[in-house]
Amino acid sequence: MAMDIIEKNKTRMAHLSENSAELSKQVDSLDWDELTSALNECILPKEETSLPAEYGPASYFPLAPETAEQKILYDKAFRHGEFLIRNGKTAAFTVAGGQGTRLGYDGPKGTLPVSPIKKKPLFQLFAEQIHGLSKVYEVTIPWYIMCSPLNLEATTSHFEEKNYYGLGKENLKFFAQGVMPATDFEGNLLRASQDSLALSPNGHGGSLKALIDSGSVADMAKRGVDHISYFQVDNPLVSTINPLFIGLHDLQQSDMSSRSLTKTGPFEKLGNFVSIGDRVTIIEYSDLPEEKALEKEHDGRIKYRAGSPAIHILRRDFIEQFASGKIKLPYHRAEKKVTHIDDSGNLINPAQPNAVKFETFVFDALPLAKNPLILEADRLEEFSPVKNMTGVDSLESSQFDQIKRAKRWLSNANIKIPESSTIELCPLSYPSELTILNADLNHIDWNTDQIYITQK
Ligand code: UTP
């Protein structure tokens, strides 16, 4: 019973905080009801699986229109998306509260230098893209950045030092998401020190409530923003504000829309988009039964091929529904290594995961969304996350993909680049491929602030 674990924790913490007013204060302010839910959902054994009884692969809009009718719709949606952007109806939103444990970088992940030549940090690449688009559409695009209590200060200092990358302090809003205490595998609270509990960010799902609690949603309402373009801090290729996506989302009156990637194989580690009636949900790769993962269409393509790169558009009034606390996202169990002190005060530095962090995921809002829409994305164009330093989804692979994409954009604009060169485009000048195609590139001044190239 979760209540037994809670009572045990209360007694143990009362004892441990006898000599620490700070710990006692922290324990008193814990949301025990929330912890009870988390324990019920993540620590106590579950009898049945949480998969929906009946589901099928979710349908999605393909990358490029496949019929004449779809072509008309895409053209209309693109124009509509541009109209919404130009009229200040859209905001950018980055979730940057994660701890980036796989990367092992000392500092907020957004400050990691990632571009291949100029070594611009992730935050700078997004800032320049947003700035570039705001120039194209002659509008201010506000940018909301969710941090955690652990990295809020370092993040705001970074932006302050960089003079907010020219976006204007008033158009950026930083705020911290909520935290949850970490426990051992039996649900016993862990202490980071004699005077504090081990706390960790409550997952990117915490963003919905944090957007409300921080006043960001109210700020958006004041500015007339209706749609929030959600992306993660680790994907330098992301299209921060995408007219086609925004247009389709609004034309379909969708509460929450998503981009999808065609999975490279049945077991690629991406969440799977599935439909339950008229709603959409995501089944994590580890939960999709093998026989489902292997199912094929008549044409040989796998059925469950739409995977999630965690790129969404959320309608502001959809997020407002989370304000009352009546709608809640479920907790997921994340087994992680958490350094802590034991009850005798010894520091424990585990080599293996030893603790449970309780996290909510933003995609769990999808089944609550009316008229959900999914638009396929081209992986090479829009997705290359930096999760690790080397190997898969790493700084190395992402830089390779950034260079490839820059070459492709230039080649599509009929500019020949030697295969052996390294190339980087400045997102301030070229925030999208369209801006390259529309530019007068007859007089390219290499190594200006627009295009950098190094020959090998
Ligand atoms: P990840 O799942 O990659 O987690 O987050 P992470 O903490 O960044 O990295 P690892 O797993 O410890 O190596 C995906 C996105 O969600 C954000 C991250 O900042 C990233 O943009 N996130 C994650 C939050 O904003 N808050 C969280 O509590 C967790």
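Before reading on, note that the structure itself is shown above.
Here's a quick rundown of the structure. Just so you know, these numbers come straight off a predicted model, no measurement behind them.

### Considering unusual backbone geometry
So, point 1. Despite not being glycine, Y164 has its phi angle at roughly 55 degrees, a positive value.
So, point 2. Secondary-structure assignment places Y164 in the loop between α6 (152-161) and β4 (172-176).
So, point 3. Given a relative accessible area of 10%, Y164 falls into the buried group.
So, point 4. Its identity as a non-glycine residue notwithstanding, A310 has a phi of 65 degrees, on the positive side.
So, point 5. Looking at the secondary structure, you find A310 in the loop between β13 (306-308) and β14 (312-315).
So, point 6. By relative accessible area, A310 is classed as buried at 14%.

### Observations concerning the site of the ligand
So, point 1. Neighbouring the ligand are 20 residues; V95, G97, T101, Q177 and K387 lie closest to it.
So, point 2. A distance of 2.9 Å separates an oxygen atom of the ligand from a polar backbone atom of G98.
So, point 3. The side chain of K336 places a nitrogen or oxygen atom 3.4 Å from an oxygen atom of the ligand.
So, point 4. Burial of the ligand by the surrounding chains reaches 89%, relative to a free accessible area of 570 Å².
So, point 5. Split into classes, the residues belonging to the shell around the ligand amount to 5 nonpolar, 10 polar and 5 charged.

### What to know about the packing of helix α1 (residues 2-16) against helix α3 (residues 32-42)
The relative placement of two packed helices comes down to the angle between their axes together with the axis-to-axis distance.
So, point 1. At a minimum axis distance of 9 Å, the contact between α1 and α3 shows a crossing angle of 130 degrees. Considering the angle they form, α1 stands oblique to α3. With respect to the hand of their crossing, α1 and α3 are arranged in right-handed fashion. Judged by residue contacts, A2, M3, I5, I6, N9 and K10 of α1 engage W32, L35, T36, L39 and N40 from α3.
So, point 2. Of the residues belonging to the contact of α1 with α3, the class tally is 7 nonpolar, 3 polar and 1 charged.

### Structural notes on the layout of surface pockets
So, point 1. Of the voids in this model, the second largest pocket is the one considered here, and its volume is about 860 Å³.
So, point 2. Taken together, 34 residues make up the lining of the second largest pocket; nearest its centre are F78, N242, S432, E433 and L434.
So, point 3. Here the lining of the second largest pocket gets 5 residues from one element, more than from any other, and that element is helix α4 (residues 68-86).
So, point 4. Its residues assigned to classes, the lining of the second largest pocket shows 18 nonpolar, 6 polar and 10 charged.

### Overview of the side chain of S421
So, point 1. Examined against the element boundaries, S421 turns out to sit in the loop between α13 (395-412) and β20 (422-425).
So, point 2. The class of S421 is buried, set by a relative accessible area of 3%.
So, point 3. A polar contact of 2.6 Å, which involves the side chain of S421, links it to the backbone oxygen of P418.

### Notes on helix α5 (residues 122-136)
So, point 1. Between its first and last C-alpha atoms α5 spans 21 Å; for 15 residues at 1.5 Å apiece the expected length is 21 Å, and the two agree.
So, point 2. With respect to burial, α5 is a largely interior element, 12 of its 15 residues being buried.
So, point 3. Of all the residues in α5, the buried ones are L122, F123, Q124, L125, F126, A127, E128, Q129, I130, G132, L133 and S134.
So, point 4. Looking at the buried residues of α5, the elements they touch are β2 (90-95), β3 (143-147), α6, β9 (227-232) and α13.
So, point 5. Looking one or two places after α5, you find E138, whose phi comes out positive at around 50 degrees.

### What about the pairing of β3?
So, point 1. For β3, the buried fraction is high: 5 of the 5 residues fall into the buried class.
So, point 2. Residues of β3 alternate between two faces, with W143, I145 and C147 on one and Y144 and M146 on the opposite face, all of them buried.
So, point 3. Bridge analysis of β2 against β3 gives 4 bridges, and the strand direction is parallel. The residue of β3 that forms the bridge with T94 is I145.
So, point 4. The sheet contact formed by β3 and β4 spans 5 bridges and is parallel. If you follow W143 over to β4, its bridge partner there is L172.
So, point 5. A crossover connection joins β3 to the parallel β4 through α6; in handedness this β-α-β unit is right-handed.

### Focus: the pattern of salt bridges
So, point 1. In this structure the tally under the stated criterion is 20 salt bridges.
So, point 2. Its salt-bridge partner being K328, residue E34 comes within 3.2 Å of it at the nearest N-O pair. Of this pair, E34 sits in helix α3 while K328 sits in the loop between α11 (316-319) and β15 (332-336), and the two are 294 residues apart along the sequence.
So, point 3. Given the relative accessible area of 43%, K328 is considered partly exposed.
So, point 4. Measuring nitrogen to oxygen at the nearest pair gives 2.8 Å for the salt bridge that ties D75 to K71. With D75 and K71 both in helix α4, this residue pair falls 4 residues apart, about one helical turn.
So, point 5. According to the relative accessible area criterion, D75 is partly exposed, its value standing at 32%.
So, point 6. Given the relative accessible area of 43%, K71 is considered partly exposed.
So, point 7. Within the structure, one salt-bridge network assembled from shared partners comprises K109, D234 and K387.

About the thresholds
- Residues numbered from 1 in each chain as written.
- Predicted model: local features only at pLDDT ≥ 70, side-chain atom pairs only at ≥ 80, totals over all residues.
- Heavy atoms only, no water.
- Helix = DSSP H or I, 4+ residues; strand = E, 2+ residues; numbered from the N terminus.
- Buried < 20%, exposed > 50% of the residue type's maximum accessible area, 1.4 Å probe, protein only.
- Near = heavy atom within 4 Å.
- Polar contact = N/O pair within 3.5 Å; in protein donor to acceptor, adjacent residues only side chain to side chain.
- Areas by Shrake-Rupley, 256 points an atom, 1.4 Å probe, with all protein chains shown as cover.
- Nonpolar A, V, L, I, M, F, W, Y, C, P; charged D, E, K, R; others polar.
- Axes fitted to C-alpha atoms, helices over the stretch in contact; angles between N-to-C directions.
- Parallel < 35°, antiparallel > 145°, perpendicular 65-115°, else oblique.
- Left-handed = near helix turned anticlockwise from the far one by under 90°.
- Contact = heavy atoms within 4.5 Å.
- 1 Å grid on protein atoms, 1.4 Å probe; cavity = no way out; pocket = protein on both sides within 12 Å on 5 of 7 lines; lining within 4 Å.
- Points joined across faces, edges and corners; volume = space filled by probe spheres on them.
- Expected span 1.5 Å × (residues − 1).
- Pairing = 2+ DSSP bridges.
- Right-handed = clockwise from strand over helix to strand, strands pointing away.
- Salt bridge = Lys/Arg side-chain N within 4 Å of Asp/Glu carboxyl O.

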